[in-house]
Every structure is written in C-alpha cells, then in structure tokens.
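# Residue-level structural notes
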Amino acid sequence: MKKDKILVIGACGQIGVELTLALRKMYGDSNVVASDLREEHDLLKGTGPYVSLDVMNKEMLHVLVIRHNITQVYLLAAILSATGEKNPLLAWHINMQSLLNVLDIAKEENLDKIYWPSSIAVFGPNSPAAETPQHTIIEPTTIYGISKFAGERWCEYYNHRFGVDVRSLRYPGLISYKSAPGGGTTDYAIEIFHEAKEHKKYTSFLSENTYLPMMYMPDAIRATIELMEADASKIAVRSAYNLSAMSFSPKEIGAEIKKHIPEFTMAYEPDYRQQIADGWPNSIDDSLARQDWGWKPEYDLARMTEDMLRNI
Ligand code: NAD
C-alpha cells in the first residue's frame, strides 16, 4: 500500500500553520512536509520537515514532489483580497500560476489528492446576498475573486478531463489567534480581539452593519480534513463547496466582546475594503457540503468570542 506523504505549500500563513500541525498529528510528523517562501514559522519549528519553496518555480516544485514521494498537496499560497487590489496583475499571476503548477504536476505524477481553497469572494454584487446558493450568478468584482473563480473552473476541468482528485472549499472569513492574517477583507474580525484586549477600543475599517460570512479556524481545519478524508464518490462538487458557520457585523461582534470587556468601545472608519465587502454575500447556503460529506460547524459567535479572548 502506498503511504500518504503530504506537501503543504504556504504552510507559514494563517491557515497553513494550523493545518500543518493538524495534519502532522494525523499522518505523523515526518509525513507532512511544510513549505513556504517565508522563514519557518515559530510554531512549526521542530515539529517536522520544512523546505523553502517558491511555488511559482514549477521545476523546483516538481523535484520536491518526486524527492519526498509526495502523494497529496495542500496549496495555500495566494495573494488575498485586500492585498490583491493593490497589485491586480501580480495577484492574478501568482494565484493562477501556483494552481496550474500544482494541478499539472498532480496530473503528471498521478498524485492521490490535491486541496486548494476557494473563497466566498467568487460571489459578486449580482449574486443573491442572503443564503447565497452553491450554484448561482457568479460575477466577482475583485481580482482575488476573479482568480478564485477561474481556479475553481481549472480544478473541475483537471478533475473531469484528467481525473485529478482535486477538492476545494469556498472559505468564509477565517478567525484565528495562532498565526496572523494575510491581508484579507475580514481581517477586522481578528484585529478587533487584539485591540479589545490591549486598548479596550477598536476602529473598524468596515461599517457597523456590514454582515459577512465567518468561521472559526478549528471549524475550517476540521472541514478541510473531513473533505479530504471523504470517499471520492461523495465529492460531487469538483469546483468548490460553499461552506458556512456564522454571519455577523462589526457591531454584533463588538457587542459580543463587550459582554466580556464592558469598557470596550468601537468606532467606524470604512476604507477601500468596504467596497470589497459590499460585493460579497451576507450569509452562505452550504447544504450541499452538509449533504455530500456531512459538514456541520461547531462554533457560533458566542463560543468563538469566548475562546479567542481566552487564548489571545
Ligand atoms: P496567508 O497570506 O496567511 O498565507 C499564505 C502563505 O503563502 C504565506 O505564508 C506566504 O508566505 C505563502 N506564499 C505566498 N506566495 C508564495 C509562493 N510564491 N511560494 C510559496 N509560498 C508562498 O493566507 P491564508 O489566510 O493562510 O490563506 C490560505 C488560502 O486560503 C489562500 O488560498 C486563501 O485565498 C484562502 N482563503 C483564506 C481565507 C481567510 O480568511 N484566511 C478565506 C478564504 C480563502
């Protein structure tokens, strides 16, 4: 039997650190190779193999896959929504070419499984904003959303055309305390906890009633692993599954924090990220993920807030 050997690309990012540690627990430390452009993250040090890798260098990636007998790749390297708007051509180039490099090597080397995350950013102002369905109008307006939508099409294409077992989730905004966020529009929902604890006040870059779909990192990690562990016959969606846990506005998360820190106050100074948020859904219908592979979130706003404030 072939042994699972996993490569995580972008392992030092907000998701990568926690996903790498979770995969090492499941598959054994030496069977999960972490890689990134950056220096190894402190939380990864001493927990397993680490290699420096620029995913844009296809040859290097190919050599690494062969040398380590890799069977599964988790591709997390990307330019996120807010950063992407500052240099759209670079974001398009990196987000697309990284995925094409991985998909093509998966095809050539007949790898077992690939994971690549999409995002709620695939939806745009013409998609229904409430309980946005899996299949609906998809007209993203950010370069990040455009690259994620194109990526979804490539994933489905490589699956249908070449039989690559690639799986994907449309993550909502992810909230966590272990590693810093990488320049997304939902980063306010992380900054707010740090500011609340340190300064008892926070100025939000989104307006008070901007509702966005969100998820606590433990749920996102579990969703990713459950999707990847599911029998291939259960994965009917080969583009990317809608995934949901909770939805709240800056005002609501502020009120929840105030229950723990009564002197906490909030102000609002929307910037360019408001426009990005305005084009995104308020909430997501993830019934296909629930139906196909049994997805069920565990954290709501109250439980997440309590956990974040305890751990930061
Ligand atoms: P992040 O920015 O925190 O981490 C990305 C990592 O990729 C960084 O450590 C960076 O150094 C690395 N990287 C960038 N370019 C690279 C390259 N050329 N070669 C190798 N590594 C490179 O991002 P994240 O929040 O962990 O997101 C991971 C994935 O999940 C991305 O595809 C992102 O679009 C998606 N996603 C994230 C969220 C969220 O809220 N965090 C929501 C939806 C989707």
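Residues numbered from 1 in each chain as written. Predicted model: local features only at pLDDT ≥ 70, side-chain atom pairs only at ≥ 80, totals over all residues. Heavy atoms only, no water.

The helix and strand inventory of the chain stands at 11 helices and 14 strands. The C-alpha atoms of the chain give a radius of gyration of 19 Å, which matches the 20 Å a tight globule of 312 residues would have. Summarising its shape, the C-alpha atoms of the chain cover approximately 55 × 45 × 40 Å along the three principal directions. The buried share of the chain, reckoned over its 312 residues, is 55%. In the chain, of all internal contacts separated by at least 6 residues, the share reaching a separation of at least 24 is 80%. With 32 positive and 41 negative side-chain charges, the chain shows a spacing of 4 Å between the two charge centroids. (Helix = DSSP H or I, 4+ residues; strand = E, 2+ residues; numbered from the N terminus. Rg over C-alpha atoms; globule rule 2.2 N^0.38 Å. Buried < 20%, exposed > 50% of the residue type's maximum accessible area, 1.4 Å probe, protein only. Contact = heavy atoms within 4.5 Å. Lys, Arg positive; Asp, Glu negative; His and termini not counted. Charge placed at Lys NZ, Arg CZ, Asp CG, Glu CD.)

Here the focus is the nonpolar core. In globular proteins that are soluble, nonpolar side chains generally tend to be buried together. Residues Leu-23, Leu-169 and Trp-293 are the most contacted members of the largest nonpolar core, which totals 35 residues. Looking at this core, the elements that each hand over two or more residues are strand E1 (6–9), helix H1 (14–27), strand E2 (32–36), strand E8 (169–171), helix H7 (217–229) and helix H10 (287–293). It is H7 that provides the largest number of residues to this core, a total of 7 residues. In this structure, Leu-169 is in contact with Tyr-115, Trp-116, Pro-117, Ser-118, Ser-119, Ala-223, Thr-224, Leu-227, Ala-240, Tyr-241, Leu-243 and Trp-293, ignoring residues within four places of it in sequence. (Core = buried A, V, L, I, M, F, W, Y, C linked by side-chain atoms within 4.5 Å.)

When pLDDT is averaged along the chain, the result is 97; 99% of the residues meet or exceed 70. Interface confidence for the predicted complex, given as ipTM, is 0.99, next to a pTM of 0.97. (pLDDT = per-residue confidence, 0-100.)

This next bit is on the site of the ligand. The ligand sits among 26 residues. The nearest are Gln-14, Asp-36, Asp-54, Tyr-144 and Lys-148. In this structure, Leu-53 approaches the ligand through a main-chain N or O atom, which is 3.4 Å from a nitrogen atom. Leu-174 has a polar backbone atom sitting 2.9 Å from an oxygen atom of the ligand. Surface burial for the ligand is 93%, taken as the share of its 830 Å² of free accessible area covered by protein chains. Class assignment of the residues belonging to the shell around the ligand gives a composition of 15 nonpolar, 7 polar and 4 charged. (Near = heavy atom within 4 Å. Polar contact = N/O pair within 3.5 Å; in protein donor to acceptor, adjacent residues only side chain to side chain. Areas by Shrake-Rupley, 256 points an atom, 1.4 Å probe, with all protein chains shown as cover. Nonpolar A, V, L, I, M, F, W, Y, C, P; charged D, E, K, R; others polar.)

Ordered by their spatial adjacency, 3 strands build an open sheet running E6-E8-E12, and the pairing between neighbours is parallel. This sheet does not close on itself; its edge strands, each paired only once, are strand E6 (118–119) and strand E12 (241–242). (Pairing = 2+ DSSP bridges.)

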